[in-house]
Amino acid sequence: MKGADLIAEYLIGSGINHVVGICGHGNVGMLDSLYGARDRITLVSPRHEQVAAHMADAYFRVAHRPAATLTSCGPGSCNIVMPLAVALSDSSALLAITANVPTGQFNRSPFQEINRHFQADFPNIIRPVVKRSFQPTRVDMLPLALRQATATMLSGRPGPVNLDVPFNVFQEEDEVEIPPPAPPLNAQRSGAAPEALAAAVDLIAKAARPVLFVGHGVTLSEAGPALTEFVRRLGIPVISSPNGMGCLDMTDPLSLGFIGRNGAYPANEAGRHADLVIAVGARFDDRSASSWMPGYSWNFPHTKLIHVDLDPAEIGRNYPADLGILADARTFLQQLLAEFERRPRRENALAAWHADIRRWQKQWDEFTRPNFAAHASPIRPERIVADCQAVLPDDAILACDVGVNHNWYMQFWKARQPQTMLNSWGFSGMGFGTAGALGAKLAAPDRPVVAIAGDGCFTMVPHVLCTAVEYDIPVVWVIWNNFGWVSIRDIQLGMFGGRELGTMFTQGANHRPYNPDFAAWARATGVDALTVTKSEDFKGALEHAVKANKPFVLDVHVDAEIRPPSTGAWQLPPTPFKEPAFGARWVPGDPVSQK
């Protein structure tokens, strides 16, 4: 069997039915094998390798089944380094098949070889952004490499894996057998040790002000039903990271939203005042911990911490845990439920805590609600969020690109189901939402997929429109057009006395705001498009775009001068940070913060 035929058959046997890739001289052998299997596996060829990896990343986040990417030697494969970092940071699995030069030409500097320190050295370029890189140099090495690569990709904390294949290994033949597929995601689950479980139950039973902090680990574990049942049973409120949104329906009164500078006020107040935090599959990164400054989001070690994760490196990384538990999220929550079912119910045990939470929710609602109803031109950001919430069904998928638009959706979006709010959270790669929406739609062809893309993100990968037309992928792009890199402009203005350089899109000596006519640009590619400048028009335009069931662009002009109200803090040392716009720092026993 030829090496490329073996790879194709293994992918098909493993249920990997999409390869997203771009041709090059190094991978034409693999393309030929995909041609032979084209009735069983689909090749999608976007116009840039970055888009290919974002598509595969988003595909996995929606389907929890991986896709593969295919790139050629040298620059083609280098173009996937950034999106692989995005996938690795957010624990998203994909198989990155990269081509390399023929083994007989190793270390002779053939076209596109990297060999300054080691021959055919692309694996060292990609190593920091994948879980593992494999470079089989003979066909008989492929079966083991394929099995280990896919097992590594899907086991434990999932993530991208690289298979780097020299040109001749695609073409040469050997007597080989197709290896068995690796176990799928969640086929192997770990549970908490009995003594750890007993300790967790005791801490939870004694807590008067407990909160759950859930992250992508809960989503990946498909633990939403177990989380919901646990919350119903014990009445513990839930704070979500962006990639954990929807594991508990966020319209539930016990869903407090996101935490941190751009989090919701009830989440930050609950985090500040909690006496116990149960973190499940969540990282305490700087944006969800107000840069680890006490009293803005959390109050460790005054607050006790149970930290549950599949990855031992995350337990205690930023906050020492009172109880660290190495376990799968769903298994742990089911174990807890079983333990509490054996105990008598404590009716109204958290009544005072729930009253505090309702009061904070009411204060936040009264502060923010008027702006959601306001009409203006350019459009207030709140209107975009509110009208998306009103128009899109509960199972619609939102692919949110990075920037100030993302801050608004982190703070106010209410995901009703898991795997419906896609974010580049850990690495924050621009273009993820714009490009990833295509992969999300391939994974869920019968559900609406809407990308919320800033004008800066969209202009990084505008060729996504060509791919949508070529492959008939009916995604809606809402371009959040505020004529600049506004989230960075706001940082400049806040840190450097109002000075701004290089963050707004302008033309001419008078610095007139400039952007291309996105609607005309879209129509030039064959995509339907509308320009929306009045808030009264956006809801109807979005309804029309979704119902059209074809690629559609909405160029929406959004007011750049309205900023999300900060409810926590964020610092880039040594520059000073801003106090919350709503709410205030609170530390137990600190007389300054009590005022």
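Before any of the text, the structure's been laid out above.
These numbers were taken from a predicted model, which means no experiment stands behind them.

Caption draft 1: Fine view of the overall build of the chain. The number of helices and strands found in the chain is 22 helices and 20 strands. By the compact-globule yardstick of 25 Å for 595 residues, the chain fits well, its C-alpha radius of gyration being 25 Å. Dimensions of the chain, computed from the C-alpha atoms along their principal axes, are close to 75 × 65 × 45 Å. Looking at the 595 residues of the chain, the share that counts as buried comes to 57%. Residue pairs at least 24 apart in sequence account for 75% of intrachain contacts in the chain once pairs closer than 6 positions are excluded. As displayed, the chain offers around 23,200 Å² of accessible surface, 52% of which is attributable to carbon and sulfur atoms.

Caption draft 2: Representation of helix α20 (residues 486-495) in the model. Turning to α20, its buried residues are V486, R489, D490 and Q492. Axial view of α20: buried residues confined to an arc of 160°, hence all on one face.

Caption draft 3: Representation of a negative patch on the surface in the model. Together, E172, E173, D174 and E175 make up a region of like negative charge exposed at the surface. Looking at the element boundaries, D174 is found in the loop between α8 (167-171) and α9 (194-206). Note on D174: relative accessible area 32%, which makes it partly exposed.

Caption draft 4: Representation of the environment of P516 in the model. Tracing the chain through its elements places P516 in the loop between β18 (512-513) and α21 (518-525). For the pair P516 and D455, spaced 61 residues apart in the sequence, the C-alpha separation amounts to 9.6 Å.

Caption draft 5: Here's a closer look at the pattern of salt bridges. Scanning the model with the defined rule gives 26 salt bridges in all. Note that E561 is salt-bridged to R489, the shortest N-O span being 2.8 Å. Remark: R489 occurs in helix α20 and E561 occurs in the segment after β20 (552-557); sequence separation between them is 72 residues. Given the relative accessible area of 5%, R489 is considered buried.

Caption draft 6: Just the packing of aromatic side chains, in detail. Counting across every chain of the model gives 25 aromatic pairs. A centroid spacing of 5.4 Å and a plane angle of 45° characterise the contact between F213 and F284, whose relative ring orientation is tilted. Of this pair, F213 sits in strand β7 (residues 210-214) while F284 is found in the loop between β10 (276-280) and β11 (304-309), placing the two residues 71 residues apart along the sequence. Ring centres 4.7 Å apart and planes at 80° place the aromatic pair Y265 and F582 in the edge-to-face group. A residue pair is termed long-range when its members are at least 10 positions apart, and Y265 in helix α12 (residues 265-273) and F582 in the segment after β20 qualify at 317 residues. We note that Y265, like F582, is buried. Each residue in the set Y265, W364, F367, F372, W408, F412 and F582 is aromatic and connected to the rest through ring pairs, giving one cluster.

Caption draft 7: Broad picture of the sheet that holds strand β13 (residues 397-400). One open sheet holds the six strands; their spatial order is β14-β13-β15-β16-β20-β19, and the pairing between them is parallel. With one partner strand each, in any of the chains shown, β14 (421-423) and β19 (528-532) form the two edges of the open sheet. Neighbour-to-neighbour, the strand axes of this sheet turn through a mean angle of 15°, independent of strand direction. Two strands pair when backbone bridges link them, and β19 and β20 are joined in this way by five bridges, in the parallel orientation. Bridge pairing in β20 places V532 opposite V556.

Caption draft 8: The arrangement of the environment of I259 in detail. Its location among the elements puts I259 in the loop between β9 (255-257) and α12. We classify I259 as buried; its relative accessible area is 0%. Sequence separation of I259 and R232 is 27 residues, and the distance between their C-alpha atoms is 22 Å. In this view, I259 contacts F213, I239, S240, A267, N268, G271, R287, S288, S297 and W298; residues no more than four positions away in its chain are not counted.

Caption draft 9: Geometry of the sheet that holds strand β6 (residues 161-166). Strand order in the open sheet made by the six strands is β2-β1-β3-β4-β6-β5, with parallel pairing throughout. Looking at strand neighbours, the two that pair on one side only are β2 (42-44) and β5 (132-134), the edges of this open sheet. Neighbour-to-neighbour, the strand axes of the sheet open up by a mean angle of 25°, direction not taken into account. Of the strand pairs in this sheet, strand β1 (residues 18-21) and β2 are connected by three bridges, and their pairing is parallel. Paired with V19 across the strands is L43, a residue of β2. Along the sheet, helix α1 (residues 3-13) contacts β1, β3 (68-71), β4 (95-100) and β6; its crossing angle with β4, the most-contacted strand, is approximately 175°.

Caption draft 10: Structural view of the pairing of strand β16 (residues 476-481). Most of β16 sits out of view: six of its six residues are buried. Side-chain alternation along β16 places V476, V478 and W480 on one buried face and W477, I479 and N481 on a second face that is also buried. With five bridges joining them, strand β15 (residues 449-454) and β16 adopt parallel strand pairing. The residue bridging A451 from the neighbouring strand is W477, located in β16. Judged from the six bridges that link them, β16 and β20 form a sheet pairing that is parallel. Directly across from V476, in β20, lies its bridge partner F552.

Caption draft 11: Examining helix α2 (residues 28-36) more closely. Those residues of α2 not exposed but buried are G29, M30, S33 and L34. End-on, the buried residues of α2 take up no more than an arc of 140°, which puts them together on one face. On its buried face, α2 is in contact with α1, β1, β2, β3 and α8.

Caption draft 12: Spotlight on the nonpolar core. Residues L212, L227, F230, W298, I325, F332 and Y409 are the most contacted members of the largest nonpolar core, which totals 99 residues. Top contributing element to this core by residue count: helix α13 (residues 329-341), with six residues. Judged by nonpolar contacts, the second largest core, of 51 residues, contains A67, L94, A437 and A443.

Caption draft 13: Just the state of the cysteines, in detail. One pass over the full model with this rule turns up zero disulfides. Of all cysteine sulfurs in the structure, the one in C73 sits closest to C23, which takes part in no disulfide; the separation is 12 Å.

Calculation criteria
Residues numbered from 1 in each chain as written. Predicted model: local features only at pLDDT ≥ 70, side-chain atom pairs only at ≥ 80, totals over all residues. Heavy atoms only, no water. Helix = DSSP H or I, 4+ residues; strand = E, 2+ residues; numbered from the N terminus. Rg over C-alpha atoms; globule rule 2.2 N^0.38 Å. Buried < 20%, exposed > 50% of the residue type's maximum accessible area, 1.4 Å probe, protein only. Contact = heavy atoms within 4.5 Å. Areas by Shrake-Rupley, 256 points an atom, 1.4 Å probe, with all protein chains shown as cover. Arc of directions from axis to C-beta. Patch = residues over 30% accessible without salt bridge, like charges linked within 9 Å, V, L, I, M, F, W, Y side chains within 5 Å. Salt bridge = Lys/Arg side-chain N within 4 Å of Asp/Glu carboxyl O. Lys, Arg positive; Asp, Glu negative; His and termini not counted. Charge placed at Lys NZ, Arg CZ, Asp CG, Glu CD. Phe/Tyr/Trp six-rings, centres within 6.5 Å; stacked < 30°, edge-to-face > 60°. Pairing = 2+ DSSP bridges. Axes fitted to C-alpha atoms, helices over the stretch in contact; angles between N-to-C directions. Core = buried A, V, L, I, M, F, W, Y, C linked by side-chain atoms within 4.5 Å. Disulfide = S-S within 2.5 Å.

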